[in-house]
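The primary structure of each chain is shown beneath.
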Amino acid sequence: MGAAGVSRRTVFGLVTTAALLALPSPARAAPLLTSIPVGRRPQAVAVNPVTGVCHVANTADRTVSVIDQGRTVATVPTGGVPADLAVDERTGLVYVANRTPGTTAVLDSGRVTNVVASGSEPAALALDADTYRLYVASGEAGAVRVLDLFQGALAATIEAPGQGFSSAAIDGRTGYFAGLHTGTVEVLDLDAGEFTASIPVGDGPAGLAVHHGTGTVYVANSGIHHMTVIDGEQIRTILLRSEASSVAVHQATHTVYANGGPDGLVRIDGARGEITGELALGINPGQVAVDQRTGAVHVTDPLHDRLHVITGF
């Protein structure tokens, strides 16, 4: 990820036409970029796939910004430094991992309704919608806490390999946890409550996402210029022009987005495993999420306290 390469006027126009870098791909209209002010040092971002409401974790403010229809409608103190977000599309509840003081906050309609102790430095969340349990992975220790969301309390602690996790995702009855310091993805059998495999990936895996239709896992490696793709027993890499720390998948089209482009984003055709576009934003992008309804890509801008929403990319 590189430093800013365009003027602030270009980046921060409320509605700006962003130039797509020339790569072999079918002709398409230029993407449209909308820039929305949020809190200080935004990082994690999550979009409700049913309503399109977006939540942004502001680490310096210790708040979450709630964004609906292109504007911030609420700013919610979380009681700690927010590290990750998980959205329950069925209830609209939002779960916030507070790295300090080690809690998970529950947000309902723009307010905190419950806070659950979640162990040392919770850093990554994965929601199991089938059992209504939330998996809270520590960023500094080999442990995953399991929260019973019906009871609003800690249900179990699963000992895990490694030295803490940076990202997590669930596909069916399997959980995937990225080990930032070990260069691995640890595989959790949700029903057995045990880790069953350790998959070597690239240096510093920081982001992880799954395409649920195929079970393919995409890993953004923050220490090397490639993305790791785990497809069953097959592991392959996609060369990027910059390190990536976040990745998201548009499920309907199997399109993968990561912050591994030059000062911006990269788009990958997941079915073919090929890069199909790059979008220069002139920023050092933070985390990435996709609106599953519209395909709009959301990317945080920690340096300028903005959320950029890109349509048509």
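To be clear, the structure that these remarks concern was listed above.
As a convention, each chain's residues are numbered from 1 in the sequence order in which they are written. Thresholds applied to this predicted model are a pLDDT of at least 70 for local features of residues and 80 or more for the giving and counting of side-chain atom pairs; totals over whole chains, interfaces and linings are not thresholded and use all residues. Heavy atoms throughout the structure, all of them, feed into the side-chain values; hydrogens and water do not.

A.B. asks: What am I meant to see in the packing of aromatic side chains here?
C.D. replies: Describing an aromatic ring pair means giving the distance of the ring centres and the angle of the ring planes. The pairing test for Phe, Tyr and Trp rings, Trp by its six-membered ring, is centres within 6.5 Å, and the orientation test on the planes gives stacked under 30 degrees, edge-to-face over 60, and tilted for anything in between. Applying the stated criterion across every chain yields a total of five aromatic pairs. Taken together, a centroid distance of 5.6 Å and an interplanar angle of 55° make the contact between F165 and F177 tilted. Of this pair, F165 sits in the loop between β14 (153-159) and β15 (167-171) while F177 sits in strand β16 (residues 174-179), placing them 12 residues apart in sequence. Any residue under 20% of the maximum accessible area for its type is buried, any over 50% is exposed, and the rest in between are partly exposed; the area is computed with a 1.4 Å probe on protein chains only. Classification of F165 by relative accessible area gives buried; the value is 3%. Working definition: helices are DSSP H or I runs of at least four residues, strands are E runs of at least two. Numbering for both runs from the N terminus.

A.B. asks: How should I be thinking about the pairing of strand β20 (residues 216-221) in this particular structure?
C.D. replies: Residues in a regular strand point their side chains to alternate faces of the sheet. The buried fraction of β20 amounts to six of the six residues, a majority that puts the element mostly inside the structure. With burial as the criterion, each face of β20 is covered, one bearing T216, Y218 and A220 and the other bearing V217, V219 and N221. By definition, two strands form a pair when at least two bridges between them are found by DSSP. As judged from the six bridges shared by strand β19 (residues 205-211) and β20, these two strands associate in the antiparallel manner. Each residue of the ladder has a partner; that of L208, found in β20, is V219. Once β19 ends, the chain turns through four residues before running back antiparallel as β20, passing G215 with a positive phi of about 75°. Note that β20 and strand β21 (residues 226-231) share four bridges and pair antiparallel.

A.B. asks: Explain the nonpolar core here, please?
C.D. replies: Nonpolar side chains in soluble globular proteins tend to end up buried together. Residue types Ala, Val, Leu, Ile, Met, Phe, Trp, Tyr and Cys, when buried and joined through side-chain atoms within 4.5 Å, form a set referred to as a nonpolar core. Ranked by size, the top nonpolar core spans 15 residues in total, and within it Y135, V144, F165, F177, L188 and F195 carry the most contacts. Elements with a minimum of two residues in this core: β11 (122-128), β12 (133-138), β13 (143-148) and β15. A contact between two residues is defined here by any heavy atoms of the two lying within 4.5 Å. Those residues in contact with F177, other than ones at most four positions away along the chain, are Y135, A137, V144, F165, S167, A168, T184, V185, E186, L188, F195 and L208. Judged by nonpolar contacts, the second largest core, of 14 residues, contains A209, Y218, L240 and V247.

A.B. asks: Is there a simple way to explain the environment of V136 in this structure?
C.D. replies: By the element assignment, V136 lies in strand β12. V136 sits in the buried class, given a relative accessible area of 1%.

A.B. asks: Can you walk me through unusual backbone geometry in this structure?
C.D. replies: Trans is the common state for peptide bonds, and a negative phi is the common state for residues other than glycine. P101 follows T100 through a cis peptide bond whose omega is 15°. Mapped onto the elements of the fold, P101 is located in the loop between β8 (94-98) and β9 (103-108). In this model, Q69 sits at a positive phi of 55°, which is unusual for a non-glycine residue. Positionally, Q69 belongs in the loop between β5 (63-68) and β6 (71-77). Positive phi, close to 55°, is recorded for D305, a residue that is not glycine. With respect to the helices, strands and loops of the structure, D305 is situated in the loop between β28 (297-301) and β29 (306-311).

A.B. asks: Could you clarify how one ought to interpret the pattern of salt bridges in this entry?
C.D. replies: Side chains that differ in sign of charge can pair as their charged atoms come close. A pair is scored as a salt bridge if a Lys or Arg side-chain nitrogen falls within 4 Å of a carboxyl oxygen belonging to Asp or Glu. Overall, the coordinates contain 10 salt bridges when judged by the stated rule. Among the salt bridges present, the one from D191 reaches R173, with a minimum N-O distance of 3.1 Å. Note that D191 is positioned in the loop between β17 (184-189) and β18 (194-200) and R173 in the loop between β15 and β16, a separation of 18 residues in sequence. Judged by its relative accessible area of 58%, D191 is exposed. Close ionic contact of R293 with D291 constitutes a salt bridge, the shortest N to O distance being 3.1 Å. D291 gets classed as buried once you look at its relative accessible area, which sits at 4%. When salt bridges with common partners are traced through the structure, they connect D128, D130, R173 and D191 into a single cluster.

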